[in-house]
Amino acid sequence: LPARERNGMRFNCLFPAFSSPGKSKEAEIKRINKELANIRSKFKGDKALDGYSKKKYVCKLLFIFLLGHDIDFGHMEAVNLLSSNKYTEKQIGYLFISVLVNSNSELIRLINNAIKNDLASRNPTFMCLALHCIANVGSREMGEAFAADIPRILVAGDSMDSVKQSAALCLLRLYKASPDLVPMGEWTARVVHLLNDQHMGVVTAAVSLITCLCKKNPDDFKTCISLAVSRLSRIVSSASTDLQDYTYYFVPAPWLSVKLLRLLQCYPPPEDAAVKGRLVECLETVLNKAQEPPKSKKVQHSNAKNAILFETISLIIHYDSEPNLLVRACNQLGQFLQHRETNLRYLALESMCTLASSEFSHEAVKTHIDTVINALKTERDVSVRQRAADLLYAMCDRSNAKQIVSEMLRYLETADYAIREEIVLKVAILAEKYAVDYSWYVDTILNLIRIAGDYVSEEVWYRVLQIVTNRDDVQGYAAKTVFEALQAPACHENMVKVGGYILGEFGNLIAGDPRSSPPVQFSLLHSKFHLCSVATRALLLSTYIKFINLFPETKATIQGVLRAGSQLRNADVELQQRAVEYLTLSSVASTDVLATVLEEMPPFPERESSILAKLKRKKGPGAGSALDDGRRDPSSNDINGGVEPTPSTVVSPRGWAIGAWGPPGATPSHLLLRTPSELGCREPPGGRLLRRPSYQGGNGDSSPPPPPRFVCKNNGVLFENQLLQIGVKSEFRQNLGRMYLFYGNKTSVQFQNFSPTVVHPGDLQTHILPLAVQTKRVAAQVDGGAQVQQVLNIECLRDFLTPPLLSVRFRYGGAPQSLTLKLPVTINKFFQPTEMAAQDFFQRWKQLSLPQQEAQKIFKANHPMDAEVTKAKLLGFGSALLDNVDPNPENFVGAGIIQTKALQVGCLLRLEPNAQAQMYRLTLRTSKEPVSRHLCELLAQQF
Amino acid sequence: MQFMLLFSRQGKLRLQKWYVPLSDKEKKKITRELVQTVLARKPKMCSFLEWRDLKIVYKRYASLYFCCAIEDQDNELITLEIIHRYVELLDKYFGSVCELDIIFNFEKAYFILDEFLLGGEVQETSKKNVLKAIEQADLLQENSPSIVLNYCR
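Here the structure is a predicted model, which is why all the values come from computation and not from measurement.

A.B. asks: Give me the interface of chain B and chain A: which residues, what numbers.
C.D. replies: At the interface, 75 residues of chain B touch 79 residues of chain A. Surface buried jointly by chain B and chain A totals about 7,100 Å² across both partners, of which 55% is contributed by carbon and sulfur atoms. Salt-bridge contacts for K259(A) lead to E121(B); the nearest nitrogen and oxygen are separated by 4.0 Å. Taken together, chain B and chain A are joined by 28 residue pairs in polar contact (both at pLDDT 80 or more). Ranked by residue count, the leading element in the side of chain B that touches chain A is helix α2 (residues 76–94) of chain B, at eleven residues. A class-by-class count of the residues in the side of chain B that touches chain A yields 34 nonpolar, 17 polar and 24 charged.

Now the structure itself:
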């Protein structure tokens, strides 16, 4: 081809500046700017350019763009070119548009016109160009224009093979971008039959399309299973030369094979026995062929062959039902663990991770432990070591936990900084999950802090506190160990935090030993105080006040410390406030009060381990699968009696200080001074335990709560996924409300075009809105790890049933994200409690005796029937609770008025629990019929 | 596949193909980050790495790095061979391809890529079929004055 000889000439002609070596970067930029100015003047000039010159200059622009310079003109000329009848002009026009897409809708309309003509041209070359352009741009506008036409082209009997191929993948791209625009229909059945097409290229393109479509419409495409199996079977059993040009380095159709195996992973194992038999045969053939000597020494041969092997293993793991195949797969991967190709070792480690979670192959994977540990120690490539660490984590169980944990701890000392945090999390989880004795667990975590204190996140050290608090048998040991650890001359701040908390709670358990007498404990902790951050110092202040209760003999010393100017007049409000309050508490309160207020923390409620949740967030769902999977290790009795699938909450030890503050139920007034993110919301039953939704992205975890959760409470986490956490705090007075929404970016990447808006459900738009919601705008960008706040002012104009919706849209890493949530505003938020005597109550009850004014529901209890909890929920619901009204003391009676701008609705309610039947009867009477029903439904969900 | 980048050992981008919608700013950021990451790796290291929530598969041919970003479910080894097949296609078309061929015949490099991969998926794996399509297009081109030679007018 002459292309080569032309290079030199073209090179000089395009940019003479480049041909003289030694020219600087500035010279290049100068030359390019000159050229750009020239092209611009040509495009703007009075003389109309002929097609050829247009092509030349558009091509130059492309070249300049590809050199890394910005191009902001030339689009119109490109559109002219692609509308041309000359192939070469058309081709360059399409290329320009494909590379430099512009969202200018006017432009897109023009392009769409040209594409439409080309698609209708029946010239396969033109059609392919147009399809490639749609596939390259893939915008929604194009989807709107062509999504309906392309299926037709794809299945038309007279379409050329190359057009079919392009149409299939073009449709795939449009479907990925806007699935709603691609109508399913009669054509889908014909697409499935493309799997039988004679042309391998058509099959190759069609499989990708089907794989994507069947994920959302599995039933429509079910027939593809048997077709895919028979196609696969024909390929796998063919000789290496049968498929001619589709054979790649002696491997028949590797791309198609991999795609077919991927397609099959969208479905469970085939139901039809014959199909299944044929498939198992295929899988066995692939495993057998892996053992055969290679037909070529070229790496391409082994790569193609092993690509099919790995995809086969993925399918075997996906089915997870053929023990024989799983074990064979594991043995095959075992061979790769020591292969000289780094790539194969990497993939074998990765693939074995998933095998480890299958009950059939877990034991087989475990036999490779020594090789994997060796890989962790000797692999030169950090990404391979990381895979090894992942695999160790996945294969860990009770039998090898101590070995694996100690290897991982050793690895941590030299591990790459980038992966330390993850290793720390994994060690912490394994140590907790497989601890046989808790002293080993405590030792492991303290070792973690010692080796990699900087990487021990809050979740990890909160967790050790939770566990120590919940286990009597380890508290003494923990106090002793942490006391010893603190004696190291340089110990990590996290150690001080853990030490402070544990000694504050359980320091008394080691106080008998003169070497760790109360004054020694105090001076040891206080020697670290000045080196610590504000948060740690705040925690230590709480330790000190706890000491005053535990060890009255330290009272004078500690009061001295609290009284010091550096505390009482500390520039930090939190420290100052704690010092002032603790000092006053210690001098004002009697010993009894002190003992009550500063009592030992109650056990933490058992939830999913917060560190496991963190790891899942870090690695995406499935990361914790080895631990979630109860079936693998049924005998396990973990420290925490099993991982429960409830949302987790990080209970912060800072909450500990605040929670220890007041008597149960009372709200300390100074909480009002705290910033919203500081404020936790109280869990009614516990009273003392402060649960704090973490508004700072990445601190806490909670799965998206069902809306009923917010009926009886005003604060909490409204929504959380991998990217975003939305916290809410709200207050209501009469018919007004104010709501603070906190959007936390949990990723390290900036969110763009961030726009949360409040929308009212469609059916209400025609009427007068029942709620007026005023929102303030928030910043369009949310930095990684940052949080923004939005304030909503709400006015209830009249009664309503459907809450407004919160629609949040933003771009994350370029991908548009959107979600819609119900705002936690329900009619009961505008309740004003009304106290009344029994007589008044019954009089009003009788007044509201029309059948439509009453709503009643009898339902089964969904939660334990606890009178205190019920009371708290009713109060949270908003009504007043009236004592001595109902003759049966078990029953609850409440009254209140719903305040709206237009009217007030009086409400009376009665809840009758039946402990024996585990049932409730709830009756509501209000002056407005829909309100009775609505309140009744809302409240009934709560019990 | 989400995108494919070709860049030189000096970090100069030679070809870029994006199969997901991204803003120019993001594209530049990703390119910068990946070029740095890949160039920093030593020759014997494995060809795969985790990057954000994607998997990167790369291979070096002479002075050029070919770098693909694939999704979690995708097959790394077959992606390596996608790269190799593309190099073979370029090689066959240009006759022992070099970096300059791709720089100065970038449009051909793009056309060949579009015939081979479309929307991030393999469209046609047969070398013969891909090159036949390109040659047909070249024939159409021969009927009009050659764009390249005419630059020099």
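A.B. asks: Lay out the pattern of salt bridges in plain terms, naming residues and giving numbers.
C.D. replies: In total, this model carries 46 salt bridges over all chains according to the counting rule given. Note that E422(A) and K426(A) form a salt bridge whose closest N and O atoms lie 3.0 Å from each other. Here E422(A) pairs with K426(A), and both are found in helix α24 (residues 417–433), just four residues apart, close to one helical turn. For E422(A), a relative accessible area of 8% gives the class buried. Overall, the relative accessible area of 4% leaves K426(A) in the buried class. Among the ionic pairs, E88(B) bridges to R85(B), the shortest N-O distance being 3.2 Å. Of the two residues, E88(B) and R85(B) both sit in helix α2, three residues apart, roughly one turn of that helix. Each member of the pair E88(B) and R85(B) is classed as buried. Here the residues in one salt-bridge network are R387(A), D390(A), E422(A), K426(A) and E50(B), joined through shared partners.

A.B. asks: Describe helix α31 (residues 555–563) of chain A, with residues and values.
C.D. replies: Residues and elements named next belong to chain A. Taken residue by residue, α31 has I558, Q559, V561 and L562 as its buried positions. Down the axis, α31 shows its buried residues gathered within 155° of arc, on one side only. Considering only its buried residues, α31 is in contact with α29 (518–529), α30 (534–550), α32 (565–568) and α33 (573–588).

A.B. asks: Could you give an account of unusual backbone geometry, with specific residues and numbers?
C.D. replies: Residues and elements named next belong to chain B. For R52, which is not glycine, the phi dihedral falls at a positive 50°. Tracing the sequence through the fold places R52 in the loop between β3 (48–51) and β4 (54–61). Its identity as a non-glycine residue notwithstanding, A62 has a phi of 50°, on the positive side. By secondary structure assignment, the location of A62 is in the loop between β4 and β5 (64–70).

A.B. asks: With reference to specific residues and values, describe the side chain of D886(A).
C.D. replies: Residue and element names in this part refer to chain A. Within the element layout of this structure, D886 appears in the loop between β15 (880–881) and β16 (892–899). The buried category is assigned to D886, whose relative accessible area is 11%. Polar contacts involving the side chain of D886 include one to the side chain of N891, which spans 3.4 Å. A distance of 2.6 Å separates polar atoms of two side chains, one belonging to D886 and the other to R910.

A.B. asks: Describe the packing of aromatic side chains, listing the residues and the values that go with them.
C.D. replies: All names here are of chain A. By the definition in use, this model includes 31 aromatic pairs over all chains. Among the aromatic residues, those joined into a ring-pair cluster are Y743, F751, F754, F810 and Y812. Lying across the ring of F73, R40 places its NZ or CZ 4.2 Å from the centre. Above the plane of the ring of Y393 lies K426, whose end atom (NZ or CZ) is 5.2 Å from the centre.

A.B. asks: Please give an account of the nonpolar core that cites residues and values.
C.D. replies: Counting residues in each nonpolar core, the largest one holds 272 residues, and the members touching the most others are I115(A) and Y86(B). Summarising the domain contributions, this core has at least three residues from each of domain 1 (1–100) and domain 2 (320–395) of chain A. Each residue touching Y86(B), except ones within four places of it in the same chain, is listed here: M4(B), L6(B), L15(B), F66(B), A109(B), I112(B), L113(B) and F116(B). In this structure, I794(A), L819(A), L874(A) and F877(A) belong to the second largest nonpolar core, which totals 56 residues.

A.B. asks: Let's hear about the sheet that holds strand β11 (residues 805–812) of chain A: which residues, and what values?
C.D. replies: Residue and element names in this part refer to chain A. Pairing is antiparallel in the open sheet, where three strands are placed in the order β8-β11-β12. Looking at which strands have only one partner, the edges of the open sheet turn out to be β8 (751–759) and β12 (815–822). Between one strand axis and the next, the sheet turns by 15° as a mean value, whatever way the strands run. Sheet topology note: the β11/β12 ladder contains eight bridges and is antiparallel. Paired with R811 across the strands is P816, a residue of β12.

A.B. asks: Would you mind going over the sheet that holds β5(B) in detail, with residue names and values included?
C.D. replies: All names here are of chain B. Read across the sheet, five strands follow the order β2-β1-β5-β4-β3 without closing on themselves; strand pairing throughout is antiparallel. Bordering the open sheet on either side are β2 (13–18) and β3, each of which pairs with just one other strand. On average, each strand axis in the sheet is tilted by 20° relative to the strand beside it, whichever way the strands run. In the packing of helix α1 (residues 24–39) onto the sheet, contacts are made with β1 (3–8), β2, β3, β4 and β5, and the angle to β1 comes to roughly 55°. The strands that α2 touches are β1, β2, β3, β4 and β5; relative to β4, the one it contacts most, it runs at about 35°.

A.B. asks: Give a description of the side chain of K528(A) that names residues and reports values.
C.D. replies: Residues and elements named next belong to chain A. For K528, the position within the fold is in helix α29. E493 provides the closest opposite charge to the buried, salt-bridge-free K528, at an N-O distance of 12 Å. Reaching out from K528, the side chain makes a polar contact with the backbone oxygen of L486 at a distance of 2.9 Å. Other than its neighbours up to four places away in sequence, K528 contacts L486, A488, P489, C491 and V496.

How each quantity is defined
Residues numbered from 1 in each chain as written. Chains lettered and ligands numbered in written order. Predicted model: local features only at pLDDT ≥ 70, side-chain atom pairs only at ≥ 80, totals over all residues. Heavy atoms only, no water. Contact = heavy atoms within 4.5 Å. Buried area = accessible area lost by both parts, 1.4 Å probe. Salt bridge = Lys/Arg side-chain N within 4 Å of Asp/Glu carboxyl O. Polar contact = N/O pair within 3.5 Å; in protein donor to acceptor, adjacent residues only side chain to side chain. Helix = DSSP H or I, 4+ residues; strand = E, 2+ residues; numbered from the N terminus. Nonpolar A, V, L, I, M, F, W, Y, C, P; charged D, E, K, R; others polar. Buried < 20%, exposed > 50% of the residue type's maximum accessible area, 1.4 Å probe, protein only. Arc of directions from axis to C-beta. Phe/Tyr/Trp six-rings, centres within 6.5 Å; stacked < 30°, edge-to-face > 60°. Lys NZ or Arg CZ within 6 Å of the ring centre and 35° of its normal. Core = buried A, V, L, I, M, F, W, Y, C linked by side-chain atoms within 4.5 Å. Domains from an automatic or database assignment. Pairing = 2+ DSSP bridges. Axes fitted to C-alpha atoms, helices over the stretch in contact; angles between N-to-C directions. Lys, Arg positive; Asp, Glu negative; His and termini not counted.

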